[in-house]
Amino acid sequence: MNDEKYMKFAIAEAKKAEIIDEVPIGCVIVKDDQVIASAYNEREISQQSIAHAEILAIKKANELLKSWRLDGCTLYVTLEPCPMCAGAILLSRIERVVYGAADLKGGCLESCMKMYDTKGFNHYPLVCGGVMAEECGSLLSDFFRRKRMSKR
C-alpha cells in the first residue's frame, strides 16, 4: 500500500530528528508517486517556533515546484498536524494529508478539533489518519520516556 510506503519515509525523517535530540516528527510530500520534499522537526536546533516538519517540507516543495500551490500532492506526517501546520497545509492547496499518530494535545485534523470541517475555507484536503499509528506513536513515547529518565 502506498500510504504505508510513504509513511515509512516520514518515519525515517523522524528518526533523523531523534538523532539530533529533536522531537521525532517527520514529513514527506509526494507528487506523481515521487517524494518531492522531506523534512523533520528542527525547532530546537533552529530555535524557531515554526520549524515543524510540515512547514519545512512545504517550503521545500514550494521551492522545487516554483509555486505556492501544491496541487496533486499528498503530505505524509508521523503526527497529526497542529493548528499552524493544518493551516499551512490548507493554504498550500495540498490535496491529501496522511498522518500516523493522533495528537490528543494539539492535533487539529481530528483530535482536538476538526479544522477542515470549518465552513468557509476555499480548499479542503482529504484526511487519512492512523497510518502506522503504533510505530509513529512509539517513536514519540519512547523519545519522551528517555528524556524523562535522563532528568532523574
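Rules used throughout
- Residues numbered from 1 in each chain as written.
- Predicted model: local features only at pLDDT ≥ 70, side-chain atom pairs only at ≥ 80, totals over all residues.
- Heavy atoms only, no water.
- Patch = residues over 30% accessible without salt bridge, like charges linked within 9 Å, V, L, I, M, F, W, Y side chains within 5 Å.
- Areas by Shrake-Rupley, 256 points an atom, 1.4 Å probe, with all protein chains shown as cover.
- Salt bridge = Lys/Arg side-chain N within 4 Å of Asp/Glu carboxyl O.
- Helix = DSSP H or I, 4+ residues; strand = E, 2+ residues; numbered from the N terminus.
- 1 Å grid on protein atoms, 1.4 Å probe; cavity = no way out; pocket = protein on both sides within 12 Å on 5 of 7 lines; lining within 4 Å.
- Points joined across faces, edges and corners; volume = space filled by probe spheres on them.
- Expected span 1.5 Å × (residues − 1).
- Contact = heavy atoms within 4.5 Å.
- Buried < 20%, exposed > 50% of the residue type's maximum accessible area, 1.4 Å probe, protein only.
- Axes fitted to C-alpha atoms, helices over the stretch in contact; angles between N-to-C directions.
- Parallel < 35°, antiparallel > 145°, perpendicular 65-115°, else oblique.
- Left-handed = near helix turned anticlockwise from the far one by under 90°.
- Nonpolar A, V, L, I, M, F, W, Y, C, P; charged D, E, K, R; others polar.
- Pairing = 2+ DSSP bridges.
- Right-handed = clockwise from strand over helix to strand, strands pointing away.

Draft legend 1. Examining a nonpolar patch on the surface more closely. There is a patch of nonpolar side chains on the surface, built from I19, I20 and I45 and spanning about 320 Å² of accessible area. Position of I19 among the secondary structure elements: in helix α1 (residues 2–19).

Draft legend 2. Molecular detail of the layout of surface pockets. The volume enclosed by the largest pocket comes to roughly 370 Å³. Together, 16 residues line the largest pocket, and V23, I25, L79, D103 and G106 are the ones closest to its centre.

Draft legend 3. Molecular detail of helix α3 (residues 53–65). Under the 1.5 Å per step criterion, the end-to-end length of α3 is 18 Å for 13 residues, consistent within 8% with the ideal 18 Å. Looking at the buried positions of α3, the neighbouring elements they touch are β1 (26–31), β2 (34–40), β3 (73–79) and α4 (83–91). Backbone geometry just after α3 places K66 at a positive phi near 55°.

Draft legend 4. Quick look at the pattern of salt bridges. Here the structure, examined in full by the defined rule, presents 6 salt bridges. With its nearest N and O atoms 2.0 Å apart, the salt bridge here joins R146 to E18. Within this pair, whereas R146 is found in helix α5 (residues 133–150), its partner E18 is found in helix α1, the two being separated by 128 residues in sequence. Judged by its relative accessible area of 45%, R146 is partly exposed. By relative accessible area, which is 23% here, E18 ends up partly exposed. With a closest N to O distance of 2.9 Å, E63 and K59 form a salt bridge. One end of the pair is E63 and the other is K59, both in helix α3 and 4 residues apart, which spans about a single turn.

Draft legend 5. Representation of the packing of α3 against α4 in the model. Contact geometry for α3 and α4: axes closest at 9 Å, N-to-C directions at 25°. Overall, the two elements α3 and α4 adopt an arrangement that is roughly parallel. Crossing angle aside, the handedness with which α3 passes α4 is left-handed. Residues E54, I55 and I58 of α3 touch α4, and the partners they reach there are M84, C85, A88 and I89. Partitioning the contact of α3 with α4 into residue classes produces 6 nonpolar, no polar and 1 charged.

Draft legend 6. Up close: the pairing of strand β4 (residues 96–101). When you tally the buried positions in β4, you get 5 out of 6 residues, the bulk of the element. Looking at chain direction, β3 and β4 are connected through 5 bridges and run parallel. Paired with T74 across the two strands is R96, which belongs to β4. Between the parallel pair β3 and β4, the chain is carried across by α4, and the sense of this crossover is right-handed. Sheet topology places β4 next to strand β5 (residues 126–128); 3 bridges connect them, and they run parallel. Residue pairing in the sheet places R96 in a bridge with L126 of β5.

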